[in-house]
Amino acid sequence: MSTVAFHTLGCKVNSYETEAIWQLFEKNGYQRVDFEEDTADVYVINTCTVTNTGDKKSRQVIRRAIRRNPEAIIAVTGCYAQTSPKEIADIPGVDIVLGTQGRDKLLDYVEQIKAERTPINAVGNIMKARDFEELDVPAFTDRTRASLKIQEGCNNFCTFCIIPWARGLMRSRKPESVLEQARNLVAAGYLEIVLTGIHTGGYGEDLEDYNLAKLLVDLHQVEGLKRIRISSIEASQITDEVISVIDGSDLICRHLHVPLQAGDDDVLKRMRRKYTTAEFREKMVKVRKALPGVALTTDVIVGFPGETEEQFVNGYNFIKEIGFAELHVFPYSMRTGTPAARMEDQVPEEIKRERVAKLIALNNEELTINYGKQFVGDVLEVIPERLYKEDPESGMLMGYSDNYLNIVFPGTEDMIGKVCKVRLDEVGSEYCHGTFVRVLDDAAALVGDKAV
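Draft legend 1. Here's a closer look at the overall build of the protein chain. Each helix and strand in the protein chain was counted, giving 14 helices and 18 strands. Relative to its length of 452 residues, the protein chain is compact, with a C-alpha radius of gyration of 23 Å against a globular reference of 22 Å. Once the C-alpha set of the protein chain is aligned to its principal axes, its extents read approximately 65 × 55 × 50 Å. Considering the protein chain as a whole, with its 452 residues, one finds that 55% of them fall into the buried category. Of all intrachain contacts in the protein chain linking residues separated by at least 6 positions in sequence, the fraction that spans at least 24 positions is 72%. Here the protein chain displays about 20,100 Å² of accessible surface, and carbon together with sulfur accounts for 49% of that area. Here the protein chain holds 55 positive side-chain charges and 70 negative ones, and the gap between their average locations is 3 Å.

Structure follows, in structure tokens:
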């Protein structure tokens, strides 16, 4: 039996796509082996190009695969392959270069290499791509939560970002295809679906008379689905129509990831973001009204070119004022080919590190704790995902509540994947602790049972 090993760099969308590519190999009789531990016949490296460091790491992993088995077929896909195919093709030992489209043909290319051993560069012009690439994942290693990719590409062209050049312009998956896949995932036992994409909230911008709000309404008709989570949505895409659907929903999780990137208007302008801090604040007020207790999580870039100390302090204070439940903090990292890389006043690395440390301290010591504290004593619905990873022998399970608290509580393995009622007892910056109350049976869950 032929073997294949995968290595994924970068974001959750890349992880999703690696799983989808694995499905293609599995259907063709391949066995999956560990990239680091085993020798494989085929290596697939799914690359990232968000930063120059992403490119460098991708090259290192490619060379590592070639060293592990010089006779293996080496296939490189993903964003770095899309933006710099020649750089990758020039690495001795690379057989197939495939960008962010046409991955369904990968097995054909592998067979071609076996027959001819002539390198293949199958990267096309992504800016001409107009159709969503249908790559499905019927099962995930996570037993409770399934990702469902609904769109590809981005039209925003933020000054720090290379992604439109790596992923192309906005392309939405056909609604009937999304709904069919949602039904398949529920039939496979998944209670929660995470809608994902490169620019998820932009879903439908390229469709006629259909958008994210309408998709959310239609997903509510999928029988057996208990939770809908939106992986990420821009403030500018939280329309009144989306808020209205959220307000009337009993399935949409009390968690929205809304990338802020900067809490100062001048910096936002230089980033070419499509909102001001005042507009962002107004959207968060509306979301909290529609979804009381919502966990608002965000991304922040620190040390963007020209960011003064005053602008950083403005951002720090704005983040405190909004009261996010969690921050993902990134130091600005130059990406060749983007307008921001050519900007003057690049911020020294040392200052970036100091600012990152301040925001991480704010997150760990204040924001996550303050958010969690308001639910102490409440009974929340948690779908346990696994044994407590810090101590699998402890008789404890861990999983996320609908409002994105990572809760550890006593339970048995047969409860994994079921909706459990858990009382929140104690809040921490990484884990919260709770007391198991009971498992919700299907009948109770379906009528939205609130009793404990």
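Draft legend 2. Main features of the sheet that holds strand β9 (residues 192-197). If you trace the seven strands from one edge of the open sheet to the other, you get β8-β7-β9-β10-β11-β12-β13, paired in mixed fashion. What marks the edges here is a single partner per strand, and that holds for β8 (171-172) and β13 (326-331). In this sheet, strand β10 (residues 227-230) lies alongside β9 in parallel orientation, the contact comprising four bridges. Bridging from a neighbouring strand, Glu192 pairs with Arg227 of β10.

Draft legend 3. Looking closely at the environment of Lys373. Summarising the element assignment, Lys373 is placed in helix α13 (residues 349-373). On the accessibility criterion, Lys373 (53% relative accessible area) is exposed. In this structure, the C-alpha to C-alpha distance between Lys373 and Asp425, residues 52 residues apart in sequence, is 9.3 Å.

Draft legend 4. Representation of the packing of helix α1 (residues 12-27) against helix α5 (residues 106-116) within the structure. Running from amino to carboxyl end, α1 crosses α5 at an angle of 55 degrees, the nearest separation of the two axes being 10 Å. When the axis of α1 is compared with that of α5, the two are oblique. Mapping the contact onto sequence places Ile21, Leu24 and Phe25 in α1 and Leu106, Leu107 and Val110 in α5. Taken together, the residues of the contact of α1 with α5 sort by class into six nonpolar, no polar and no charged.

Draft legend 5. Helix α2 (residues 52-68), seen in detail. With 17 residues, α2 ought to run about 24 Å at 1.5 Å a step, and its terminal C-alpha atoms sit 25 Å apart, in line with that. The complete set of buried residues in α2 reads Gly54, Asp55, Ser58, Val61, Ile62, Ala65 and Ile66. The arc that holds every buried residue of α2, seen down its axis, measures 140 degrees, which confines them to one face. Elements that come into contact with the buried residues of α2 comprise β1 (3-8), β3 (42-47), β4 (73-78), α3 (79-83) and α4 (85-89).

Draft legend 6. Spatial organisation of the pairing of strand β17 (residues 420-426). In this structure, strand β14 (residues 379-387) lies alongside β17, joined through four bridges in antiparallel fashion. Each bridged residue has a counterpart across the sheet, and for Leu380 the counterpart in β17 is Val422. Pairing between β17 and strand β18 (residues 432-439): six bridges, direction antiparallel. Among the inter-strand pairings, Arg423 is bridged to a residue of β18, identified as Thr435.

Draft legend 7. Inspection of the side chain of Thr49 at higher detail. Along the chain, Thr49 turns up in the loop between β3 and α2. A polar contact of 2.7 Å, which involves the side chain of Thr49, links it to the side chain of Asp55. Of note is the side chain of Thr49, whose polar atom sits 2.6 Å from the side chain of Arg335.

Draft legend 8. Region of interest: a negative patch on the surface. Taken together, the side chains of Asp265, Asp266, Glu279 and Glu310 present a region of like negative charge at the surface. Relative to the elements of secondary structure, Asp265 occurs in helix α10 (residues 265-271). Given the relative accessible area of 36%, Asp265 is considered partly exposed.

Draft legend 9. Up close: the nonpolar core. Among the nonpolar cores identified, the biggest contains 66 residues, and Phe280, Ile319 and Leu359 are the most heavily contacted of them. With residues near it in sequence (within four places) discarded, Phe280 still touches Ala235, Val258, Pro259, Leu260, Tyr275, Phe318 and Phe324. Ala5, Leu9, Ala40 and Ile91 belong to the second largest nonpolar core, which has 21 residues in total.

Draft legend 10. Fine view of helix α9 (residues 240-247). All buried positions along α9 are accounted for by Val242, Ile243, Val245 and Ile246. Buried residues of α9, seen end-on, are gathered within an arc of 160 degrees and therefore sit on one face of the element. Turning to α9, the residues buried within the fold contact α8 (212-219), β11 (252-257) and α11 (277-290).

Draft legend 11. A look at the packing of aromatic side chains. If you walk through the whole model with that rule in mind, you get 16 aromatic pairs. For the ring pair Phe25 and Tyr30, a centre distance of 4.9 Å and an interplane angle of 90 degrees mean the geometry is edge-to-face. For Phe25, a relative accessible area of 0% corresponds to the buried category. For the ring pair Tyr388 and Tyr431, a centre distance of 5.4 Å and an interplane angle of 90 degrees mean the geometry is edge-to-face. Of this pair, Tyr388 sits in the loop between β14 and β15 (396-401) while Tyr431 sits in the loop between β17 and β18; the two residues are 43 residues apart in sequence, bridging distant segments of the chain. Ring-pair connections join several aromatic residues into one group, and the members of that group are Phe6, Trp22, Phe25 and Tyr30.

Rules used in this analysis
For every chain, the first residue of the written sequence is number 1, and numbering continues from 1 along that sequence. Per-residue local features are limited, in this predicted model, to residues with pLDDT of at least 70; the limit for side-chain atom pairs, both in listing and counting, is 80 or more; totals at the level of whole chains, interfaces and linings are taken over all residues. Note that water and hydrogens are dropped before the side-chain values are worked out from all heavy atoms of the structure. Under the scheme used here, helices are H or I runs from DSSP no shorter than 4 residues and strands are E runs no shorter than 2 residues, and both carry numbers assigned from the N terminus. Our radius of gyration looks at C-alpha atoms and nothing else; its globule reference is 2.2 Å times the residue count to the power 0.38. Each residue is assigned to one of three classes by its accessible area relative to the maximum for its type, calculated with a 1.4 Å probe on protein chains only: buried under 20%, partly exposed between the two thresholds, exposed over 50%. Throughout, a contact is declared for two residues whenever any of their heavy atoms are within 4.5 Å. Shrake-Rupley sampling with a 1.4 Å probe provides the accessible areas, and residues are treated as covered by the protein chains on show and by no other component. Here Asp and Glu are counted as negative and Lys and Arg as positive; His is not counted, and neither are the chain ends. For this purpose, a charge sits on NZ of Lys, CZ of Arg, CG of Asp or CD of Glu. Strands pair, by our definition, only if DSSP identifies at least two bridges between them. In this analysis an axis means a line fitted to C-alpha atoms, helices contributing only their contacting stretch, and an angle means the value between N-to-C directions, from 0 to 180 degrees. Oblique is the label for any angle not under 35 degrees, not over 145, and not in the 65 to 115 range, which are roughly parallel, roughly antiparallel and roughly perpendicular in turn. As a working rule, the residues Ala, Val, Leu, Ile, Met, Phe, Trp, Tyr, Cys and Pro are called nonpolar, Asp, Glu, Lys and Arg charged, and the rest polar, with Gly in that last group. Expected helix span is taken as 1.5 Å per residue step, with the number of steps being one fewer than the number of residues. When we speak of the arc, we mean the arc of directions from the helix axis to the C-beta atoms. We define a polar contact as two N or O atoms separated by no more than 3.5 Å, with the added condition that, inside protein, one atom must be a possible hydrogen donor and the other a possible acceptor, whereas residues neighbouring each other in sequence contribute only through side-chain atom pairs. Each patch is built from salt-bridge-free residues with over 30% relative accessible area, joining like charges within 9 Å and nonpolar side chains (Val, Leu, Ile, Met, Phe, Trp, Tyr) within 5 Å. Salt bridges are identified by distance alone: a Lys or Arg side-chain nitrogen within 4 Å of an Asp or Glu carboxyl oxygen. To qualify as a nonpolar core, a set must consist of buried Ala, Val, Leu, Ile, Met, Phe, Trp, Tyr and Cys residues joined through side-chain atoms within 4.5 Å. For Phe, Tyr and Trp, where Trp contributes only its six-membered ring, two rings pair if their centres lie within 6.5 Å, and the inter-plane angle classes them as stacked under 30 degrees, edge-to-face over 60, or tilted in between.

The values reported here are purely geometric and, on their own, carry no functional implication.
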